[in-house]
Amino acid sequence: MANPKPEELIRINHVPPKQAWMDTRPDFRPGMFCYASKAKSLEYVGMPNPRQWSVKDEDWHLPENWQEIFIEGLRERVDKYRSFRLFLDICVRCGACADKCHFYIGGGDPKNMPVLRAELLRSVYRKYCTTSGRIMGKIAGARELTIDVLKEIWYYAYQCTECRRCSLFCPYGIDTAEITILARELLNLLGLNIDWIAGPVANCYRTGNHLGLQPHTIKDSFDMFIDDLETITGIKVSPTFNRKGAEILVVIPSGSMFADPGTFTTMGELLLFHELGLDYTWSTFASEGGDFGFFTTNEMAKRLHSKIYAEAKRLKVKWILGGECGHMWRVWHQYHNTWFGPVDYLEEPVSPITGTRFENAKSNKTVHITEFTADLIKNGKLNLDPKRNDNLIVTYHDSCNTSRGMGLLEEPRFIINNVCNNFYEMPENTIREQTFCCGSGSGLNASENMEQRLRGGLPRANAVRHVHKKYGVNMLACICAIDRAVLPPLMDYWVPGVAVTGVHEMVGNALIMKGERKRTTNLRGEPLPGMEGEEDV
Amino acid sequence: MNLKDLLLEKKSSILKRWFDTIVASYPPDTSNFFKSNHNQFANPVGFTFSEVIHGLFEELLQGGDPERYFPYLNDIIKIKAVQDFSPSQSVSFLFLLKKVVREELRKELQRNQFQDELLSLESEIDALALLAFDIFMQCREKIYEIRTNEARNMMFRLLKRANLVCEIPDGNQGLGEETVLTQKIEG
């Protein structure tokens, strides 16, 4: 081909081709998808059709009867889950959800409108599960399950973070996240998971946490925390592990044992528990609050979640205190009771410090750490110096799962307002139930899909940027391990100058402890306000 | 009347047309959404486009330091750099302004008015496109830097955890006595 002339080069057609959505093939753009699951991860947990495959390859090496497996799986789930059938049947395509998805708002791909994303699967449902669809086909919004359709369902099922913001606006109450959840479950019948989910699931099944941290590694992590805390506060905390007969089992996401800034949250919790003299233990086996099984199948979610209770039973604790994590609470709040019903070998949680009975945890016997700490503060049990956080101008990101998934809105705010002096809310339509997702939830926090994460996080970052400019906000607080892992790069791109913290890191900084030395640095080893240059006093 | 006055007079119709042309590069549902929702937080992309083209247009009319264009271009290019656009598509919205101005001023230009001024404006827009391309490259480099940092941090934590590396402590931490290097010099 001859070299194009300059005028040919600048002739760009800005208008996208007019094609019906059913006929548009997915374009797998690097940066927009996660790598395929590895065979060994699926084999380890007995998931079907394990094999090596690659997203960019034309041939996904599907089993010969893949259509039959998918359609049978769909029929089975439509029969089993009444809500699923209802969600597939009753959508009138009013569009109320269309512009509520962070991926759509940030990226503009129409197939990220929740209504259309659900329609990808709905069209297959109509074809194989309804009479009108079977007879009238396209006219009735039905389509054949071809290989391209399957690939498209895969592409977009892993472009939804199951955050449920869309469901908040649906006049029928359709939970589009549930459609994604079941779409992923169907894809898993064909071995079509992503590595970032399948790997952690296998790790969690084997070692008890997503990262594959073995007991001695967990102990080593805590030893480092203990040393650092002693340097900072002069106090040697002495956590116990797998201790039978402790009153409380504490379960946190494993990311907070390993990755900054989550580790500082764990350090804050260690200080708090020490100061209270709490009779508690950590477990090196139930060492993961999160549950990537929840992003795989219902059965896998249940299977991974059950270890926490098996361990609580083994250690004969009275109740469970859960840390700052996102989807762990969605699982606990929305699925646990359906799976297991009320737990009869644990006791209804009562705070040993305030005597408060957590009636909301009567059934699953698990208290959220912000409920626990807010209760301590409310009852005047903590000696706090919020001035130690005066270098922080804080805003709070409601994690999707704790806000929309369980209605935990006030407790974190109450704590923040008691441990720091500068707190500013982001605009109303971006917080509380209407919070925008971090863009990387539901197992999409890999590195290879960075563009996807950055565009999905755009609406959240945009609101942070607003308070950063208006009030000088420099710290984004949250109570989710995935948030703590993914918001720093998101801020780095969209709002440089804003760091990320867990709420209990700020608690740890503000907490005045009995017998502590004069603190000169915060838990990150940075000088406290007014203490610059005095680190070695 | 000079070109600047005329552009100022036709500002709202030029900006509307420019905005419409920019969002037309998205699928119809999306361009309708970008156009119709004016909430800064519900529609950050549409809002940013609108703010940016207002700002750029004002700066173009005033002329002057290219540095002043930077924040506007940065806001819009940052968005384009994570969306489904090629590099050329990402900066092409600036060239569209030339087309919009020519169409809006068709009558005046047919009368051969403002030719010199128009040429100068278009050169200015060309310069903006070059700046925009630099910003696009910065954004893409930033994305890869973020990816690399994630991997590097993870690797470093693993090495530290495995006791394979021993960091030099920050500042003079660990040194009990004051030395020539650490003493505070008064006065």
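An account of the accompanying structure is given in this report. (Residues numbered from 1 in each chain as written. Chains lettered and ligands numbered in written order. Predicted model: local features only at pLDDT ≥ 70, side-chain atom pairs only at ≥ 80, totals over all residues. Heavy atoms only, no water.)

### Structural notes on the overall build of chain A
The condition is simple: What counts as a helix is a DSSP run of H or I of at least four residues, what counts as a strand is a run of E of at least two, and both are numbered from the N terminus. Atoms counted for the radius of gyration: C-alpha only. Globule rule: 2.2 Å times residue count to the power 0.38. Only protein chains enter the accessibility calculation, which uses a 1.4 Å probe; a residue is then buried when its area is under 20% of its type maximum, exposed when over 50%, and partly exposed in between. The contact rule is simple, with two residues in contact once any of their heavy atoms fall within 4.5 Å.
A tally of regular secondary structure across chain A gives 23 helices and seven strands. The C-alpha radius of gyration of chain A comes to 24 Å, within 12% of the 24 Å expected for a compact globule of 537 residues. Each of the three principal axes of chain A carries a C-alpha extent, and together these read 75 × 60 × 45 Å. Looking at chain A residue by residue over its 537 residues, the buried ones come to 63%. Counted over contacts in chain A with a minimum sequence separation of 6, partners at least 24 positions apart contribute 75%.

### Observations concerning the interface of chain B and chain A
The line we're drawing: What counts as buried area is the accessible surface, traced by a 1.4 Å probe, that two parts surrender upon association, with contributions from both included. Note on definitions: salt bridges are taken to be side-chain nitrogens of Lys or Arg within 4 Å of carboxyl oxygens of Asp or Glu.
Listed by partner, the interface residues are 43 residues for chain B and 48 residues for chain A. Between chain B and chain A, a total of about 4,000 Å² is buried, with carbon and sulfur atoms accounting for 56% of that surface. Put simply, chain B and chain A have six salt bridges between them. Salt-bridge contacts for Arg453(A) lead to Glu150(B); the nearest nitrogen and oxygen are separated by 3.0 Å. Within the residue set of the side of chain B that touches chain A, elements represented by two or more residues are helix H3 (28-36), helix H4 (44-62), helix H5 (70-80), helix H6 (87-104) and helix H8 (115-161) of chain B. For the side of chain B that touches chain A, the element with the most residues is H8(B), which contributes 13 residues.

### Quick look at the packing of helix H19 (residues 410-419) of chain A against helix H23 (residues 503-510) of chain A
For any two helices packed against each other, the geometry is given by the interaxial angle and the distance between the axes. Residue and element names in this part refer to chain A. To be explicit about the condition: To obtain an axis, a line is fitted to C-alpha atoms, over the contacting stretch when the element is a helix, and the angle between two such axes runs from 0 to 180 degrees between their N-to-C directions. Angles are sorted into four bins: roughly parallel if under 35 degrees, roughly antiparallel if over 145, roughly perpendicular if 65 to 115, and oblique for all others. By the definition used in this description, the sense in which the near helix is turned from the far one sets the handedness, with an anticlockwise turn below a right angle giving left-handed and a clockwise turn giving right-handed. Polar here means any residue outside two lists: the nonpolar Ala, Val, Leu, Ile, Met, Phe, Trp, Tyr, Cys and Pro, and the charged Asp, Glu, Lys and Arg; Gly therefore counts as polar.
The N-to-C vectors of H19 and H23 enclose an angle of 30°; their axes lie 9 Å apart at closest approach. With respect to each other, H19 and H23 are oriented roughly parallel. The handedness of the crossing between H19 and H23 comes out as left-handed. Each of Ile415, Ile416 and Val419 in H19 lies in contact with H23, whose residues at this interface are Val503, His504, Met506, Val507 and Ala510. When the residues that make up the contact of H19 with H23 are grouped by side-chain class, the tally is seven nonpolar, one polar and no charged.

### Remarks on a negative patch on the surface
Operational definition: Residues with no salt bridge and a relative accessible area higher than 30% make up the patches, which join like charges within 9 Å and nonpolar side chains (Val, Leu, Ile, Met, Phe, Trp, Tyr) within 5 Å. Here the open area of atoms and residues is found with the Shrake-Rupley method and a 1.4 Å probe, where only the protein chains shown may cover a residue. Counted as positive: Lys and Arg. Counted as negative: Asp and Glu, with His and the chain ends omitted from the count. Just so you know, the charge point we use is NZ for Lys, CZ for Arg, CG for Asp and CD for Glu.
A cluster of acidic residues, Asp5(B), Glu9(B), Asp116(B) and Glu117(B), forms a negative patch on the protein surface. Structurally, Glu117(B) can be placed in helix H8.

### Notes on the sheet that holds strand E2 (residues 280-282) of chain A
Residues and elements named next belong to chain A. The test is simple: Two strands form a pair only when DSSP identifies at least two bridges running between them.
Strand order in the open sheet formed by four strands is E2-E1-E3-E4, and the pairing between neighbours is parallel. Looking at the sheet topology across the chains shown, the edges are occupied by E2 and strand E4 (366-368). Each strand axis lies, on average, 30° off the axis of its neighbour in the sheet, ignoring direction. Pairing geometry for strand E1 (residues 248-251) and E2, over three bridges, is parallel.

### What about the pairing of strand E7 (residues 499-502) of chain A?
All names here are of chain A. Operational definition: Note on handedness: a crossover is taken as right-handed if, strands pointing away from the viewer, the path from the first strand over the helix to the second is clockwise.
In this sheet, E7 lies alongside strand E6 (residues 475-478) in parallel orientation, the contact comprising four bridges. Pairing of Cys478 across the sheet is with Gly502, part of E7. Chirality of the crossover, the property in question, places the unit of E6, helix H22 (residues 481-494) and E7 among those that are right-handed.

### Focus: the pattern of salt bridges
By the definition in use, this model includes 46 salt bridges over all chains. Between Glu275(A) and Lys514(A) there is a salt bridge, with the nearest N and O atoms lying 3.0 Å from each other. A residue pair is termed long-range when its members are at least 10 positions apart, and Glu275(A) in helix H14 (residues 262-276) and Lys514(A) in the segment after H23 qualify at 239 residues. For Glu275(A), a relative accessible area of 15% gives the class buried. Asp492(A) serves as the salt-bridge partner of Lys142(B), at 3.1 Å between the closest nitrogen and oxygen. Of this pair, Lys142(B) sits in helix H8 while Asp492(A) is found in helix H22, placing the two residues in two different chains. Accessibility expressed as a relative area gives 28% for Asp492(A), which makes it partly exposed.

### Some details on helix H12 (residues 215-233) of chain A
Residue and element names in this part refer to chain A. To be explicit about the condition: A helix is expected to reach a length of 1.5 Å times the quantity of its residues less one.
With 19 residues, H12 ought to run about 27 Å at 1.5 Å a step, and its terminal C-alpha atoms sit 27 Å apart, in line with that. Here H12 has its buried residues at Thr217, Ile218, Ser221, Phe222, Phe225, Ile226, Leu229, Ile232 and Thr233. Of the residues one or two after H12, Gly234 is the one with positive phi, at around 80°.

### Some remarks on a nonpolar patch on the surface
Residues Ile135(A), Met136(A) and Ile139(A) make up a contiguous nonpolar surface patch of about 380 Å² in total accessible area. As for its placement among the helices and strands, Ile135(A) is situated in helix H7 (residues 131-136).

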